[in-house]
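Chains, contacts and geometry: an overview
Chain by chain, the residues:
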Amino acid sequence: MRKIILPSLIILIIIGSCTQKEVQPPHEGTWKVVHFMRVTADTLVWEFPGDFTGSEMKIWSKNHFAFAGRYKMDTFFIDNCGGGSYTLDGSHCEESYLYFLNAQETVGTSQKLLLEIKNDTLIQSWPCDENWQIDKSNYSLQKLVRMD
């Protein structure tokens, strides 16, 4: 009987210690902006890096996002901070802004974005229309790399 109990206990301990690790969705975590551009009326209005220096990071948790950064153009500083909640369905992301330092008119509104993840790079572009299409003559695009 003892010959059966000891191996059975060892097997139970091994099985009990084998727990599945919860897989984090690929967008969750901390990301650093490495490229940012704005196109208006088919013209590149500004680009980072290039037209200005600085840095920004964005953090996604399960249901919320936040971003903070500081940019400098000549002697002028721009602090870019905001956040809120979001929903994600595949590559379709809708952010609802709870706060936004530089664009108070944005608070209480939502923005549709397209997200694409390639290895350690996340690309987000906006705004999207109701069919999740980007108007390539008027849009913004950010490339971010994973920090964590």
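Residues numbered from 1 in each chain as written. Predicted model: local features only at pLDDT ≥ 70, side-chain atom pairs only at ≥ 80, totals over all residues. Heavy atoms only, no water.

**Here we look at the pattern of salt bridges**
We apply this condition: We define a salt bridge as a side-chain nitrogen of Lys or Arg found within 4 Å of a carboxyl oxygen belonging to Asp or Glu.
Taken as a whole and assessed by the stated rule, the structure comprises 3 salt bridges. Here Arg70 and Asp79 are joined by a salt bridge, their closest N and O atoms 2.7 Å apart.

**Section: the side chain of Thr106**
Quick reminder of the rule: Numbering of helices and strands starts at the N terminus; helices are DSSP runs of H or I of at least 4 residues and strands are runs of E of at least 2. Contacts are assigned to residue pairs with any non-hydrogen atoms lying within 4.5 Å of each other.
On the secondary structure map, Thr106 appears in the loop between β6 (92–100) and β7 (110–118). Aside from chain neighbours lying at most four places away, what touches Thr106 is Tyr97 and Phe100.

**Points about the pairing of strand β9 (residues 139–146)**
Basically, it comes down to this: In this scheme, strands are said to pair when DSSP sees at least two bridges between them.
Across 8 bridges, strand β1 (residues 29–40) lies against β9 in antiparallel orientation. Looking across to β9, one finds that Arg38 is bridged to Ser140. Here 6 bridges tie strand β8 (residues 121–126) to β9, and the two strands are oriented antiparallel to one another. Across the sheet, the residue bridging to Trp126 is Ser140, located in β9.

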